[in-house]
Amino acid sequence: MTLALGCIADDYTGASDLANTLTRAGLRTVQTIGIPADDLALPEVDAVVVSLKSRSIEAGLAVSRSRAADKWLRGRGAGHVLFKICSTFDSTDAGNIGPVMDALRADCGEGAVLVTPAFPETGRTVYQGNLFVGAVPLNESPLKDHPLNPMHDSNLVRVLARQSRTQVGLVDLATVTRGADAVRARLAELAAKGIGAAIVDAVFDRDLETIGLVAAEHRLSVGASGMGLGLARALVSTGRVKPAPSSETGAAVGGLAACLAGSCSQATLQQIANAERIMPVLHLDPERIVAGAAEAQRALDWARPRLAEGPVLIASSATPDAVAAVQARHGRDAAGHAIEQAMAGIAEGLVQGGVRRLIVAGGETSGAVVDRLKIPGFLVGVEIAAGVPVLRAVGAEAGEMLLALKSGNFGGAEFFSDALRLMC
Ligand SMILES: Nc1ncnc2c1ncn2[C@@H]1O[C@H](COP(=O)(O)OP(=O)(O)OP(=O)(O)O)[C@@H](O)[C@H]1O
Ligand SMILES: O=C(O)[C@@H](O)C(=O)CO
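Each chain carries its own residue numbering, running from 1 in the direction its sequence is written. Working convention: letters from A go to chains and numbers from 1 go to ligands, in the order in which they are written. Where local features are concerned, this predicted model is filtered to residues with pLDDT of at least 70; where side-chain atom pairs are given and counted, the filter is 80 or more; whole-chain, interface and lining totals use all residues. Calculation of side-chain values draws on the structure's entire complement of heavy atoms; hydrogens and water are dropped beforehand.

With an unreviewed UniProt entry as reference, the chain is termed 3-oxo-tetronate kinase, source organism Bradyrhizobium agreste. The heading Sequence similarities (unreviewed entry) in the UniProt record of the chain holds the text "Belongs to the four-carbon acid sugar kinase family." Taken verbatim from the UniProt record of the chain, the Function (unreviewed entry) comment is "Catalyzes the ATP-dependent phosphorylation of 3-oxo-tetronate to 3-oxo-tetronate 4-phosphate." UniProt positions are given in the numbering used here, feature names are shortened, and annotations may be inferred rather than shown by experiment.

*Asks:* Break down the nonpolar core for me, with residues and values.
*Replies:* Residues belong to a common nonpolar core when they are buried Ala, Val, Leu, Ile, Met, Phe, Trp, Tyr or Cys residues joined through side-chain atoms within 4.5 Å. Accessible area is worked out with a 1.4 Å probe on protein chains only. A residue is then buried under 20% of its type maximum, exposed over 50%, and partly exposed in between. The biggest cluster of nonpolar side chains holds 115 residues, and the ones touching the most others in it are F89, L114, L260, I346 and L358. With seven residues, the single largest contributor to this core is helix α13 (residues 332-352). Not counting chain neighbours up to four residues away, the residues in contact with L358 comprise A258, L260, A347, V369, L373, M401, L402, L403, A404 and M423. Counting residues in each nonpolar core, the second largest holds 24 residues, with A361, A404, F410 and L420 among its members. Only DSSP runs of H or I reaching four residues or more are called helices, and only runs of E reaching two or more are called strands; each is numbered from the N terminus. By definition, residues are in contact when any of their heavy atoms lie within 4.5 Å.

*Asks:* Describe in detail the site of ligand 1, supporting the description with residues and values.
*Replies:* Here a residue counts as near a molecule or strand whenever at least one of its heavy atoms sits within 4 Å of it. Near ligand 1 you find 22 residues, and of these H146, S263, E340, E364 and T365 are the closest. Definition of a polar contact: a pair of N or O atoms within 3.5 Å, with one able to donate and the other able to accept a hydrogen when the atoms are protein atoms, and with sequence-neighbouring residues admitted only if both atoms are side-chain atoms. Here G336 contributes a backbone N or O atom positioned 2.9 Å from an oxygen atom of ligand 1. Contributing elements (two or more residues each) for the shell around ligand 1: α13 and α14 (363-372). For the shell around ligand 1, the residue count by class is seven nonpolar, eleven polar and four charged. Nonpolar residues are Ala, Val, Leu, Ile, Met, Phe, Trp, Tyr, Cys and Pro. Charged residues are Asp, Glu, Lys and Arg, and all others, Gly as well, are polar.

*Asks:* With reference to specific residues and values, describe helix α1 (residues 12-24).
*Replies:* The end-to-end C-alpha distance of α1, which contains 13 residues, comes to 18 Å, matching closely the 18 Å that a straight helix rising 1.5 Å per residue would cover. All of the buried residues in α1 are Y12, T13, G14, A15, S16, D17, L18, A19, N20, T21, L22 and T23. Just downstream of α1 lies G26, where phi reads positive at about 105°. Multiplying one less than the number of residues by 1.5 Å gives the expected span of a helix.

*Asks:* So what's going on with the sheet that holds strand β8 (residues 136-137)? Which residues, and what values?
*Replies:* Read across the open sheet, the three strands follow the order β6-β7-β8; overall the sheet is antiparallel. Looking at the sheet topology across the chains shown, the edges are occupied by β6 (124-127) and β8. By this definition, two strands are paired if DSSP reports at least two bridges between them. As paired elements, β6 and strand β7 (residues 130-133) share four bridges and run antiparallel to each other. Bridge pairing in β7 places R124 opposite V133.

The following block contains the structure:
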């Protein structure tokens, strides 16, 4: 297998978002959980997205795991590696976007790295280096209340510079609009000044196509699914990849269906409220989760008799005030970790009880669940909502399974019913 594109994603939902974008652009793509074991039977593909759970861990660990994934991908022929980050640039001043970018850049000897989280299909655009979420700057969006990495600065040149050892420049929209040669020239100018990274503006998919053409000539880029779109279209338009027909739904899996939500985003809170109309919903008590295993057991006891009648939803999700109160009592990381592990335990119990179709909301939550279920990889199926495909597990201990891993902010108001309709 010689890869046309290698990707390292810093969380699992982000990885499935990217795998979805690449698949829709015509690249045969597989998503792996971590670096695949040698005996995992991977199909012949153009792109591999290695999913890491490295967004919110200690920076040194994120760097070493990302470097190992990069080495694996380049060892399979990937001339270009995309480090997939969140379209809302989720990170803190300690990392992990800057430190990982610096390390991968040093390893491949890149001059200046193109960086953009723009993903216009989901309302993420970048102008003059400022990230907009829909109509508002990042620091005025719901991301200001994120439980793990509240985002208080929309200027990504500043945000990345605080995390990185290199200086950060800007390729502005006026340059992108002039085309690939103008972007090439600006990047060369920045590299000549010793500036190692450039936030690049993008508002429309056509901007990402221009950026993709230039990025594909380099060894490394950093971005969200929009950068993936640009790269994929460049690989196809320059004849380096022969586009594959769009993804198949595959055979039905059957089995029981359940939903888990650990995301506290506004989008997820609305989706849960709407799900109450169509399925039983259990709201977990975060205090009891932190106190011990009884709350997870209560959830399984609650779900068991109901599942035979239809899907259920179990949620820890809460409003920003409630999340802040739990964090004040137990610490941000300890509370987050305890809730993620409880969700993973609930997922394990549900699968032991016959659940084979599982929808998970939240990147960290999905990471904990997929790890606990020991699923080594996924094939990408139909799209439920922008950035969220149906995933078919490959090599799972439980056998045939369908999953949907929803990024906290993604999906329409009826996301859970939309997903269940497509997961048979
Ligand atoms: N009631 C709660 N109180 C405090 N923390 C919570 C609560 N419910 C969930 N959490 C924690 O909040 C974090 C939510 O992160 P997660 O990545 O799962 O969702 P998200 O950030 O909305 O999604 P994404 O990363 O895909 O955008 C997790 O660590 C989770 O355990
Ligand atoms: O880019 C995004 O917004 C998502 O793929 C994601 O990474 C959220 O966790």
